Amino acid sequence: MTTSQPKINFRELLKRPICFLGLGFGSGLAPKAPGTFGTLAAIPIYWLMQDLPLMTYLLITSIAFIAGVWICQQSANWLQKEDPSAVVWDEFVGYLVTMIAAPSGWQWIVIGFVLFRIFDIWKPWPISYLDKNLHGGLGIMVDDVVAGLFAVVCLQLIYFYHINLLWAGS
């Protein structure tokens, strides 16, 4: 890697399509809470995918993960940091994992967002272990995918209990 830091702005980002993806279409340039802004930027992508058949949704999410390992590594190389906070492709994929088979409705989009951000920020074990011990593009991606797995379980449990409460009340 070179010794000079790259000039990081939207114009420079547009010159690097892979980094444009890695930095979440520019959402990772947010001066505060880039992971939160990256997750917010993932919502329209989820919105476009939400009505796809489950297998198609899983295939696209899997491809986004596999490509994300390379995208995140290339973006980290450009930024000359091991796991730069500006790289938010991992948040995109983590949020898509959270929303696997999610119920329809804006409230579930919000609940999924909140749950994913909680697990991504809090990093309970094994997320914290993966975050500290895996490196490179895979390391950037995996902890967010596991945070998404924690969040999807919680989202489905909330939905299950919500439906049961509705049935019990009728």
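None of these values were measured; they are calculated from a predicted model.

## Side note on the overall build of the protein
Here comes step 1: Looking only at helices and strands, the protein has eight helices and zero strands in total.
Here comes step 2: For the protein, the sequential pattern of α-helices and β-strands runs α-α-α-α-α-α-α-α.
Here comes step 3: Against the compact-globule benchmark of 15 Å for 170 residues, the protein has a radius of gyration of 17 Å, which places it among compact chains.
Here comes step 4: When the backbone C-alpha atoms are referred to their principal axes, the protein occupies close to 65 × 30 × 30 Å.
Here comes step 5: Buried residues in the protein amount to 44% of all 170 residues.
Here comes step 6: A separation of at least 24 residues holds for 72% of the contacts in the protein among residues at least 6 apart in sequence.
Here comes step 7: Surface exposure of the protein reaches about 9,300 Å², of which carbon and sulfur atoms provide 71%.
Here comes step 8: Positive and negative charge centroids in the protein, built from 9 and 10 side chains respectively, lie 12 Å apart.

## Focus on the nonpolar core
Here comes step 1: One finds Tyr46, Trp89, Val93, Tyr95 and Met99 to be the most contacted residues of the largest nonpolar core, which totals 40 residues.
Here comes step 2: Listed by contribution, the elements that provide at least two residues to this core are helix H3 (34-49), helix H4 (54-79), helix H5 (89-98), helix H6 (106-122), helix H7 (127-133) and helix H8 (136-169).
Here comes step 3: Apart from the residues within four sequence positions on either side, Tyr46 is in contact with Tyr57, Tyr95, Leu96, Met99, Ala102, Pro103 and Ile109.

## Topic: the environment of Ile60
Here comes step 1: As for its position among the elements, Ile60 is in helix H4.
Here comes step 2: Its relative accessible area of 33% is what places Ile60 among the partly exposed residues.
Here comes step 3: It is 25 Å that separates the C-alpha atoms of Ile60 and Ile121, two residues lying 61 residues apart in sequence.
Here comes step 4: In contact with Ile60, not counting residues within four places along its chain, are Met49 and Leu52.

## As for the packing of H3 against H6
Here comes step 1: Running from N to C, H3 and H6 point in directions that differ by 145°, and their axes come no closer than 11 Å. Crossing handedness for the pair H3 and H6: right-handed. Contact residues: H3 offers Gly35, Thr36, Thr39, Leu40, Ile43 and Tyr46, while H6 offers Ile109, Phe113, Phe116 and Arg117.

## As for H6
Here comes step 1: With 17 residues, H6 should cover 24 Å at 1.5 Å per step; its first-to-last C-alpha distance of 24 Å lies within 8% of that length.
Here comes step 2: What H6 keeps buried is the set Trp108, Ile109, Gly112, Phe113, Leu115, Phe116, Arg117, Phe119 and Asp120.
Here comes step 3: Positive phi appears at Lys123, one or two residues downstream of H6, with a value of about 55°.

## Side note on unusual backbone geometry
Here comes step 1: Residue Pro126 follows Trp125 across a cis peptide bond; omega there is 10°.
Here comes step 2: We note that Gln80 has phi near 60°; this positive angle belongs to a residue other than glycine.
Here comes step 3: Mapped onto the secondary structure, Gln80 falls in the loop between H4 and H5.
Here comes step 4: Of note in the backbone geometry, Lys123 takes a positive phi value of approximately 55° without being a glycine.
Here comes step 5: Structurally, Lys123 can be placed in the loop between H6 and H7.

## Considering the packing of aromatic side chains
For any pair of aromatic rings, the description rests on two quantities: the centre-to-centre distance and the angle between the ring planes.
Here comes step 1: Scanning the model with the defined rule gives ten aromatic pairs in all.
Here comes step 2: Ring centres of Phe119 and Phe150 lie 5.4 Å apart, and the angle between their planes is 65°; this geometry places the pair in the edge-to-face category. A residue pair is termed long-range when its members are at least 10 positions apart, and Phe119 in helix H6 and Phe150 in helix H8 qualify at 31 residues.
Here comes step 3: Their ring planes at 75° and their centres at 5.3 Å tell us that Phe160 and Tyr161 sit as a pair that is edge-to-face.
Here comes step 4: Aromatic rings pair up to connect Phe10, Phe20, Phe25, Trp89 and Phe92 into one cluster.

## Comments concerning the side chain of Thr98
Here comes step 1: Relative to the helices and strands, Thr98 is located in helix H5.
Here comes step 2: Note on Thr98: relative accessible area 0%, which makes it buried.
Here comes step 3: Engagement of the side chain of Thr98 in a polar contact is seen with the backbone oxygen of Gly94, the distance being 2.9 Å.
Here comes step 4: For Thr98, the contacting residues outside a window of four places in its chain are Gly112, Phe116, Gly148, Ala151, Val152 and Leu155.

What counts as what
- Residues numbered from 1 in each chain as written.
- Predicted model: local features only at pLDDT ≥ 70, side-chain atom pairs only at ≥ 80, totals over all residues.
- Heavy atoms only, no water.
- Helix = DSSP H or I, 4+ residues; strand = E, 2+ residues; numbered from the N terminus.
- Rg over C-alpha atoms; globule rule 2.2 N^0.38 Å.
- Buried < 20%, exposed > 50% of the residue type's maximum accessible area, 1.4 Å probe, protein only.
- Contact = heavy atoms within 4.5 Å.
- Areas by Shrake-Rupley, 256 points an atom, 1.4 Å probe, with all protein chains shown as cover.
- Lys, Arg positive; Asp, Glu negative; His and termini not counted.
- Charge placed at Lys NZ, Arg CZ, Asp CG, Glu CD.
- Core = buried A, V, L, I, M, F, W, Y, C linked by side-chain atoms within 4.5 Å.
- Axes fitted to C-alpha atoms, helices over the stretch in contact; angles between N-to-C directions.
- Left-handed = near helix turned anticlockwise from the far one by under 90°.
- Expected span 1.5 Å × (residues − 1).
- Phe/Tyr/Trp six-rings, centres within 6.5 Å; stacked < 30°, edge-to-face > 60°.
- Polar contact = N/O pair within 3.5 Å; in protein donor to acceptor, adjacent residues only side chain to side chain.

By themselves these figures say nothing about function.
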